[in-house]
Amino acid sequence: MKLLTILLVLLVGVLIVKNRLWSFRAQQSSDYSGLGPSISLTEHLNGEILSEGLIYGPNGRVANSFVARMHGVWNGNTGTLTENFTYSNGKEQARKWNLTIVDETRFTATADDIVGVATGEVSGATIRMDYTIVLPEDAGSHRLNVTDWLYLTDSGVILNRSEMRKFGLKVVELVATMRPDPEALVRQEAAE
């Protein structure tokens, strides 16, 4: 029995170390401080943005997909990012982020389905944001701890990867692209 307890403690220790040193959760903003291109909230989260993504459930399989049309507007150090999601299961969702730049690397954000204030950090080609989200009633009204990472590519496309956890266990993962909305660009060019 003693040997089994020791083995169990070692296994738990190895899993904790793995999660902290060699996983999505092990990333730090400082890991990306020297990498470019440099991402900017006011530049890259501005105007019409098209996002397409996949949502993975706790079993690692795709549970849903979505298309989101976003619109970012900035006035100095404050901005809004309005998101309108259409999911593959037919459901729709809207969210409006209110963003405030604190200094050259930190920002805060609020939204109606977020508990308290989200905290964010900009570093090199990345944006990291941590917050607690409350899922809609039809999804169980669960509170999940979220870590969002946005990575700017050389082509200007942003890759978004998010993990949502409950009691420390990953229950949802999201992977999406974000780029200037091509339809909005065509409308803008036609207007000029």
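Residues numbered from 1 in each chain as written. Predicted model: local features only at pLDDT ≥ 70, side-chain atom pairs only at ≥ 80, totals over all residues. Heavy atoms only, no water.

1. Some details on the overall build of the protein
Helices and strands together make up the secondary structure of the protein, namely three helices and 10 strands. Ordering the α and β elements of the protein from the N terminus gives α-α-β-β-β-β-β-β-β-β-β-β-α. Looking at the protein as a whole, 35% of its 192 residues qualify as buried. Long-range pairs, those at least 24 residues apart, make up 36% of the contacts in the protein with a sequence separation of at least 6. Put simply, the protein shows about 11500 Å² of open surface, and 57% of that area lies on carbon and sulfur atoms. (Helix = DSSP H or I, 4+ residues; strand = E, 2+ residues; numbered from the N terminus. Buried < 20%, exposed > 50% of the residue type's maximum accessible area, 1.4 Å probe, protein only. Contact = heavy atoms within 4.5 Å. Areas by Shrake-Rupley, 256 points an atom, 1.4 Å probe, with all protein chains shown as cover.)

2. Remarks on unusual backbone geometry
Despite not being glycine, Phe167 has its phi angle at roughly 55 degrees, a positive value. Owing to a relative accessible area of 77%, Phe167 belongs among the exposed residues under this scheme.

3. Description of the pattern of salt bridges
Tallied over the entire structure, the rule returns 11 salt bridges. Lys170 serves as the salt-bridge partner of Glu163, at 3.9 Å between the closest nitrogen and oxygen. Since its relative accessible area comes to 5%, Glu163 is described here as buried. Between Lys170 and Glu173 there is a salt bridge, and its shortest N-O distance comes to 3.1 Å. Given a relative accessible area of 37%, Lys170 falls into the partly exposed group. Classification of Glu173 as buried rests on a relative accessible area of 13%. Where salt bridges share partners, they join Arg161, Glu163, Arg165, Lys170 and Glu173 into one cluster. (Salt bridge = Lys/Arg side-chain N within 4 Å of Asp/Glu carboxyl O.)

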